[in-house]
Amino acid sequence: MTALVPSDRSYDPSDRWFQDAVFYEVLVRGFYDANDDGTGDLAGLRAKLDYLQWLGIDCLWLLPFCPSPMRDGGYDVSDFFNVHPDYGTLGELVGLLEDAHRRGIRVIADLVINHTSDQHPWFAESRSSRTNPKADWYVWNDDDQRWPEARVVFTDVERSNWTWDDVRQQYYWHRFYSHQPDLNYDNPEVVEAMFEVVRFWLDLGFDGFRLDAVPYLYQRDGTSGEHLPETHAFIRRLRKQLDAEYSGRVLLAEANGWPADVADYFGDGDECHLCFHFPLMPRLFMAVRREHRFPITEILSQTPELPDGCQWAIFLRNHDELTLEQVTDEERDYLFAEYAKDPRMKRHMGIGRRLAPLLDGDRRLAELLYSLLLSLPGSPVLYYGDELLMGDNIYLGDRDSVRTPMQWSPDRNGGFSRADFAQLYLPPLMDPVYGFGAVNVEAQLRNPGSFLHWIRGMLVQRRSLPVLGIGNIELLDCPNPAVLAFVRWGEVADVSLAAPDGLGPPAVMPTVAAVPVEPADVARTVPAEHGAPGAARTRFQAVLCVHNLSRFAQPVQLDLAGWAGRRPVEVLGRVSFAPIGPEPYSLALGPHGYLWFDLVEPAWAESDPS
Ligand code: BGC
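Counting restarts for each chain, with residues numbered from 1 along the sequence as it is written. pLDDT decides what is reported in this predicted model: residues at 70 or higher carry local features, side-chain atom pairs at 80 or more are listed and counted, and totals for whole chains, interfaces and linings draw on all residues regardless. Side-chain numbers here rest on the full set of heavy atoms in the structure, without hydrogens or water.

For the overall build of the chain, give the residues involved together with the corresponding values.
Secondary structure is summarised from DSSP: a helix means a run of H or I of at least four residues, a strand means a run of E of at least two, and numbering begins at the N terminus for each. Within the chain, the regular secondary structure consists of 16 helices and 21 strands. In this scheme, a residue with accessible area under 20% of its type's maximum is buried, one over 50% is exposed, and one in between is partly exposed, where area comes from a 1.4 Å probe on protein chains only. Every one of the 610 residues in the chain was classed for burial, and the buried ones make up 63%. By definition, residues are in contact when any of their heavy atoms lie within 4.5 Å. Expressed as a percentage of contacts within the chain between residues at least 6 apart in sequence, the contacts between residues at least 24 apart total 71%. We get accessible surface area from the Shrake-Rupley algorithm with a probe of 1.4 Å; when it comes to residues, only the shown protein chains can shield them. Looking at the chain as shown, the accessible area adds up to about 21900 Å², and 51% of this sits on carbon and sulfur atoms.

Right, dumping it as structure tokens:
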């Protein structure tokens, strides 16, 4: 049994909302263009909050939105205290935050903490001489030989972490592109400046941050310059400030590393609230291609127990390449061979494709992977457009392949913008398989059998099973290696599920006449400051999740002896199965099938078909 979350926790809905939240990563630039200039904006995102609320997400993660020359998707910030003029104004940002909060949706920002753009005035000053007041705000050196142990992240583009600066006549240090000089965290003024940035955005109302590239803040001789003790000390300071002045706000670490190293970013519960579980992601893709559960069970067994009050953030795809940094060379070759058959699909050390094309458009496989994402320990992070099974454009440079405009309708520019096509920040997809004519929100809203409706239904189910967020996991033995089965169990808050007036998802989307609404649609945990959290009682919950990783139907015999006496009730249809006895429990699963069962005490079962 692998316990990924602590078993003794006193669940506090106001502080621990992130432990069973569903996150939605959104590119402001690519979501919706409200002023028809070809670029998505804050007003556009705000206009689409109805949709996001209807979908059932709990927290938005905004990709970088500060002023930037946009040479790395906004991860090259040139002013930390403003909004990129293409996206709107600070006032519009505040409006978005208020509107999101009113709907019970939290919002976190991407905090690009490790570096700035070379266009940032801090860097302009720092490079201007060796004696100016900001001379030590970046990391300078006379030669490019220091810290040879530190790896180059974008190996396909950069040859070294040092770049010569003609102005200052010295080299500067950068872990990413050469136009992104690293800040010098050994300088207390830099630390203070970044704390000011943090306070600025929290004061505006953000609910926390994704800490971009956080392992690289410091450099030390003889080390790889990753996960250093100094970095952890900095995060602890940051966390202290949050706890003292901004309780309930969260830090999410983007630390691409092995589980044991990444778990250090939780500290003793005194660093980050959440960390992305990077190694799990490629192993999900590996397991479904190999039709074998080992890659998943192996990484779960190497995942340390979380400190109290923490959570993993798990994901299938995001705005970057499907990174293959955390796999062996052999596994990487295998994944490239399976998922990047055309060399143009490769990006940096990974694959620049979206979920649906990676899966050859196989809906059953997509459902299987989402079922895993929504039931394995961790808070799921969805990537905009993947709820539609949107496609990618591998002919676009760098990671723009997966950053094309959201597809709202079959209209001009996919309903994303009314600007001229040539003015769009990137072309929308127009191919016959994934183009906006075939894949769009409007069509999927109209079709109750669409993937969009399916995933929304799964989010509703997940919300009714809080143990999927915070429960323990017991991996079940079963002789068939193509089947991954586990029980999520633990005490959960028995909160009242009814949302206060006006706070639940809207009954129908304004643009669609008849979206069926089941009673469970109103089940929604509302942040304490936005409504009454309900009674603070707890109850025991156990959910059995069974996944067939194979293309073919599979039998399975599960050792459920520890749960004998309970009755599995299938979650989607509320169909009651035969009670569990001491003998192996037999099930059959269709190709790429998945089943979730509430393991209920006999008295709770609704019917007895046996
Ligand atoms: C972001 C990338 C970005 C890099 C440099 C990453 O971790 O996710 O999109 O290129 O940081 O800022």
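Describe the pairing of strand β1 (residues 23-26), listing the residues and the values that go with them.
Of the two faces of β1, the one holding F23 and E25 and the one holding Y24 and V26 are both buried throughout. Strand pairing follows a simple DSSP-based rule, namely that at least 2 bridges must link the two strands. Bridge count between β1 and strand β2 (residues 59-62): 4 bridges; the pairing is parallel. Bridging from a neighbouring strand, F23 pairs with C59 of β2. Note that β1 and strand β14 (residues 379-383) share 3 bridges and pair parallel. From the neighbouring strand, Y24 faces β14, where its bridge partner is L382.

Could you give me a rundown of the pairing of strand β10 (residues 311-315), with the residues and numbers involved?
Each regular strand displays side chains that alternate between the two surfaces of the sheet. Here β10 lies mainly inside the structure; 5 of its 5 residues are buried. Burial of the side chains of β10 extends over both faces: Q311, A313 and F315 are buried on one face and W312 and I314 on the other. Pairing between strand β9 (residues 274-276) and β10: 3 bridges, direction parallel. If you follow L274 over to β10, its bridge partner there is Q311. Pairing geometry for β10 and β14, over 3 bridges, is parallel. Looking at the pairing, A313 lines up with S379 of β14.

Give me the lowdown on the site of the ligand, citing residues and values where you can.
By convention in these notes, a residue is near a molecule or strand provided one of its non-hydrogen atoms lies within 4 Å of it. Of all residues adjacent to the ligand, which total 13 residues, the nearest are D72, H115, E254, H319 and D320. Within the side chain of D72, an N or O atom sits 2.6 Å from an oxygen atom of the ligand. Between an oxygen atom of the ligand and a side-chain N or O atom of D212, the distance comes to 2.9 Å. For the ligand, whose unbound accessible area comes to 300 Å², protein coverage reaches 97%. Class assignment of the residues belonging to the shell around the ligand gives a composition of 3 nonpolar, 3 polar and 7 charged. Distance and chemistry together define a polar contact, namely a pair of N or O atoms within 3.5 Å, with one atom able to donate a hydrogen and the other to accept it when in protein, and with adjacent residues in sequence counting only for side-chain atoms on both sides. Only Asp, Glu, Lys and Arg are considered charged, only Ala, Val, Leu, Ile, Met, Phe, Trp, Tyr, Cys and Pro nonpolar, and every remaining residue, Gly among them, polar.

An account of the packing of helix α9 (residues 280-290) against helix α11 (residues 329-339) is needed here, citing residue identities and associated values.
In this analysis, axes come from line fits to C-alpha atoms, helices being fitted only over the stretch in contact, and the angle between any two N-to-C directions falls in the range 0 to 180 degrees. Axis separation between α9 and α11 bottoms out at 11 Å; the angle between their running directions is 65°. The orientation of α9 with respect to α11, classified from their angle, is roughly perpendicular. Considering the relative orientation of α9 and α11, their crossing is left-handed. Across the interface between the two elements, P282, R283, F285, M286, V288, R289 and R290 of α9 pack against E331, Y334, L335, E338 and Y339 of α11. Any angle that is under 35 degrees is reported as roughly parallel, and any over 145 degrees as roughly antiparallel; angles of 65 to 115 degrees are reported as roughly perpendicular and all others as oblique. Crossing handedness: left-handed means the near helix sits turned counterclockwise from the far one by under a right angle, and right-handed means the same turn made clockwise.

So, unusual backbone geometry: which residues are in play, and what are the values?
Outside of glycine, negative phi angles account for most residues, and trans bonds account for most peptide bonds. One non-glycine residue, W147, lies in positive phi territory at about 55°. The buried category is assigned to W147, whose relative accessible area is 9%. Despite not being glycine, A213 has its phi angle at roughly 50°, a positive value. Considering the arrangement of structural elements, one finds A213 in the loop between β7 (208-212) and α7 (229-245).

Outline the nonpolar core, listing residues and values.
Here the nonpolar core consists of buried residues drawn from Ala, Val, Leu, Ile, Met, Phe, Trp, Tyr and Cys, with membership extended through side-chain atoms lying within 4.5 Å. Counting 166 residues, the largest nonpolar core has Y24, Y51 and L62 as its most contacted members. In terms of residue count, helix α6 (residues 188-204) provides more of this core than any other element does, 9 residues in total. Residue-level mapping places this core at the junction of two domains, with at least three residues from each of domain 1 (17-113 + 188-463) and domain 2 (470-607). For L62, the residues in contact, after removing those within four places along its chain, are V26, V28, L45, L93, L96, V107, I108, A109, D110 and F206. Core analysis: the next-biggest nonpolar cluster, separate from the first, contains 19 residues, L476, V487, L544 and L589 among them. Domain ranges listed in this record stem from an automatic or a database domain assignment.

Any details on the packing of aromatic side chains? Residues and values, ideally.
For any pair of aromatic rings, geometry is given as the distance between the ring centres together with the angle between the planes. Paired rings are identified among Phe, Tyr and Trp, the last through its six-membered ring, by centres lying within 6.5 Å, and are further divided according to the angle between planes into stacked (under 30 degrees), edge-to-face (over 60) and tilted (the rest). Under the defined criterion, the tally for this structure stands at 43 aromatic pairs. On the numbers, 5.1 Å between centres and 80° between planes, the contact of F31 with W408 is edge-to-face. Taken together, the residues F31 in helix α1 (residues 28-31) and W408 in the loop between β14 and α14 (441-446) connect sequence positions 377 residues apart. Considered together, F31 and W408 belong to a single accessibility category, that of buried residues. With a centroid separation of 5.1 Å and an interplanar angle of 85°, the aromatic rings of F266 and W312 are classed as edge-to-face. Of the two residues, F266 sits in the loop between α8 (259-263) and β9 while W312 sits in strand β10, which places them 46 residues apart along the sequence. Relative accessible area serves as the criterion here: at 0%, F266 is assigned to the buried category. Above the plane of the ring of W408 lies K48, whose end atom (NZ or CZ) is 4.1 Å from the centre. Against the face of F195 rests R237, its NZ or CZ located 4.7 Å from the ring centre. In this scheme, the term charge over a ring applies when either NZ of a lysine or CZ of an arginine sits within 6 Å of the ring centre and within 35 degrees of the ring normal.

Any chance you could break down the side chain of R283 for me, citing the residues and the numbers?
Among the structural elements, R283 can be located in helix α9. Here P279 takes part through its backbone oxygen, which lies 2.8 Å from a polar atom of the side chain of R283.

Pulling in residues and values, what's your account of α7?
In this analysis, the expected span of each helix is defined as 1.5 Å times one less than the number of residues it contains. Between the first and last C-alpha of α7 there are 25 Å, a value that for 17 residues agrees with the 24 Å anticipated at 1.5 Å per step. For α7, the set of buried residues is T231, H232, F234, I235, L238, R239, Q241 and L242. The elements touched by buried residues of α7 are α6, β7 and β8 (250-253).

Break down the pattern of salt bridges for me, citing the residues and quoting the values.
By definition, a salt bridge exists where a carboxyl oxygen of Asp or Glu is found within 4 Å of a side-chain nitrogen of Lys or Arg. Applying the stated criterion across every chain yields a total of 36 salt bridges. Two residues, D99 and R46, come together in a salt bridge whose shortest N-O distance is 3.1 Å. Pair noted here: D99 is in helix α4 (residues 90-102) and R46 is in helix α2 (residues 42-47), with a separation of 53 residues, a long-range link. For D99, a relative accessible area of 13% corresponds to the buried category. D99 is the partner of R103 in a salt bridge, and the nearest nitrogen-oxygen pair spans 3.8 Å.

Any functional reading would require information beyond the geometric quantities listed.
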